[in-house]
Amino acid sequence: MPFFPFFKLNFIQVEVSTFCGVKCEMCPRSYFEWKSENMDLELFKRLPLGRFKYAHLQGWGEPLLNPDIGEMIEIAKKKCRVGLTTNGLLIDELKEELLKLDLLAVSIAGIDAQRNVRKSELFQIAENIELLTSEKKRPKIVIATLMMKNTIHELPKLVELAKKVGADQLIANNLDYIPSRDLVGMEIFSENPDERFLQIIAEAEKRAKELGIEFTAKPIKLEEAILCTENPLRNCLVTVDGLISPCAYLHLPTKDDFIVRFFKGEEVKVKKLYFGKADDFERVWKSKDYSGFRKMIEMRFYSSIALPEPCRTCYKAYSV
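Summarised in this report is the structure supplied together with it.

Rules behind the numbers
Residues numbered from 1 in each chain as written. Predicted model: local features only at pLDDT ≥ 70, side-chain atom pairs only at ≥ 80, totals over all residues. Heavy atoms only, no water. Pairing = 2+ DSSP bridges. Helix = DSSP H or I, 4+ residues; strand = E, 2+ residues; numbered from the N terminus. Contact = heavy atoms within 4.5 Å. Axes fitted to C-alpha atoms, helices over the stretch in contact; angles between N-to-C directions. Patch = residues over 30% accessible without salt bridge, like charges linked within 9 Å, V, L, I, M, F, W, Y side chains within 5 Å. Areas by Shrake-Rupley, 256 points an atom, 1.4 Å probe, with all protein chains shown as cover. Salt bridge = Lys/Arg side-chain N within 4 Å of Asp/Glu carboxyl O. Buried < 20%, exposed > 50% of the residue type's maximum accessible area, 1.4 Å probe, protein only. Parallel < 35°, antiparallel > 145°, perpendicular 65-115°, else oblique. Nonpolar A, V, L, I, M, F, W, Y, C, P; charged D, E, K, R; others polar. Polar contact = N/O pair within 3.5 Å; in protein donor to acceptor, adjacent residues only side chain to side chain. Arc of directions from axis to C-beta.

Some remarks on the sheet that holds strand E8 (residues 235–238)
Here is step 1 of the chain: The strand order across the open sheet built from ten strands is E7-E6-E5-E4-E3-E2-E1-E8-E9-E12, with neighbouring strands paired in mixed fashion. A strand with exactly one partner marks an edge of an open sheet, and here the two such strands are strand E7 (214–217) and strand E12 (276–277).
Here is step 2 of the chain: Where strand E3 (residues 81–86) and strand E4 (residues 103–107) come together, four bridges link them in parallel fashion. Each residue of the ladder has a partner; that of Gly-83, found in E4, is Leu-103.
Here is step 3 of the chain: Those strands touched by helix H5 (residues 122–133) are E4 and strand E5 (140–147), and its axis lies near 155° from that of E5.
Here is step 4 of the chain: Packing against the sheet, helix H7 (residues 195–211) makes contact with E5 and E7, and its axis sits at approximately 165° to E7.

Following this line, the structure appears as structure tokens:
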């Protein structure tokens, strides 16, 4: 029996591109001075993908805009399960490459909301999804949407759309990172969620059950979590330039060394958090600073210790 010196970690998120072909109203790219670049293929080859069970090739950008994305998928598939999230506009151009994935998530704003929020047309994306779902051998296809006050009403219709185009699952996420005061109040989550929003989600759940499609809506009640769903104990992010961060919410590809976010209506500046270079992963993962950060989170299972400072104003730490 082969000897493995370590257990595999769960999830590595790899930011292969920070370019994007659309400008969405809820994206930080629309508000900050952005650094648009593609991850170099030689850097990608040095990433510790075999250390993880799953790699997701997407960060703050559109991964299909990296000209090496096909080769990156091939490389990653030899080491772990692989998926990515796309806005769907380039699926037809990269169909064969995408069919090799284990999971493909297509991010849309809604039906009528797609034009206003994402500045793109839904019919084109729907046709592109069907190019993949019509194939016998294909990845799991997930449609991901964002629940905001101007999109939540379309959730039951999105269930029907997901069924129509042959997707396997619909996931409804929250506006859990708010980059601008203009977006404050567009989130639907709170300590006491609006009953109307809960009813819409329940209606979508009922419709999904009727149609036989998997549906997941993130919680909309703010409650401090012992461990957020990003789970930095077993997961991490590698930025487009090869730095290791606990998660995408502690990194932005901007020219400042801090992140601006709005938390409970107030502007907060949080210093970006990186622990070292990904091509030196084992040393960085075991380093005093990174181990100490994870230890603070781990101790929350046994005591009432506070969240690490960078996490205290992140909505992911509050179950949404």
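Okay, back to it.
What to know about a nonpolar patch on the surface
Here is step 1 of the chain: Together, Ile-226, Phe-301 and Tyr-302 line one region of the surface with nonpolar side chains, adding up to about 370 Å² of accessible area.
Here is step 2 of the chain: When you line up the elements, Tyr-302 lands in the segment after helix H9 (288–298).
Here is step 3 of the chain: Judged by relative accessible area, Tyr-302 falls into the exposed class, the value being 68%.

Some thoughts on the packing of H5 against helix H6 (residues 155–165)
Here is step 1 of the chain: The contact between H5 and H6 brings their axes to 9 Å, and the two run at 45°. The angle between H5 and H6 falls in the class oblique. Taking contact as the criterion, the partners of Leu-122, Ala-126, Ile-129, Glu-130 and Thr-133 in H5 are, on H6, Leu-161, Lys-164 and Val-165.
Here is step 2 of the chain: Counted by class, the contact of H5 with H6 contains five nonpolar, one polar and two charged residues.

Regarding the side chain of Ser-17
Here is step 1 of the chain: The topology assignment puts Ser-17 in the loop between strand E1 (9–14) and helix H1 (41–45).
Here is step 2 of the chain: For Ser-17, the side chain forms a polar contact with the side chain of Asn-38, separated by 2.7 Å.

What to know about unusual backbone geometry
Glycine aside, residues mostly have negative phi, and peptide bonds are mostly found in the trans state.
Here is step 1 of the chain: Of note in the backbone geometry, Asn-231 takes a positive phi value of approximately 45° without being a glycine.
Here is step 2 of the chain: According to the relative accessible area criterion, Asn-231 is buried, its value standing at 15%.
Here is step 3 of the chain: With a phi close to 75°, Ser-319 is a non-glycine residue in the positive phi region.
Here is step 4 of the chain: Inspection of the secondary structure assignment puts Ser-319 in the segment after H9.

Concerning the pattern of salt bridges
Here is step 1 of the chain: All chains considered together, the criterion is met by 20 salt bridges.
Here is step 2 of the chain: A salt bridge links Glu-135 to Lys-95, with the shortest nitrogen-to-oxygen separation between them at 2.8 Å. In this pair, Glu-135 is assigned in the loop between H5 and E5 and Lys-95 in helix H3 (residues 95–98), connecting sequence segments 40 residues apart.
Here is step 3 of the chain: The class of Lys-95 is buried, set by a relative accessible area of 19%.
Here is step 4 of the chain: The partner of Arg-207 in a salt bridge is Glu-160, with the nearest N and O atoms 2.8 Å apart. Linking Arg-207 in helix H7 with Glu-160 in helix H6, this pair joins segments that are 47 residues apart in sequence.
Here is step 5 of the chain: One connected set of salt bridges, linked through shared partners, spans Arg-51, Glu-282 and Lys-286.

Some words on H9
Here is step 1 of the chain: Regarding H9, the residues found buried are Tyr-290, Phe-293, Arg-294 and Ile-297. Here the buried residues of H9 occupy an arc of 90° about the axis, which is enough to place them on one side.
Here is step 2 of the chain: Buried residues belonging to H9 abut E8, strand E9 (243–245) and helix H8 (281–285).

A closer look at H6
Here is step 1 of the chain: By the burial criterion, the buried members of H6 are Leu-155, Pro-156, Leu-158, Val-159, Leu-161, Ala-162 and Val-165.
Here is step 2 of the chain: If you follow the buried residues of H6, they end up packed against H5, E5, strand E6 (169–174), H7 and E7.
Here is step 3 of the chain: Of the residues flanking the end of H6, it is Gly-166, one or two places downstream, whose phi is positive at about 85°.

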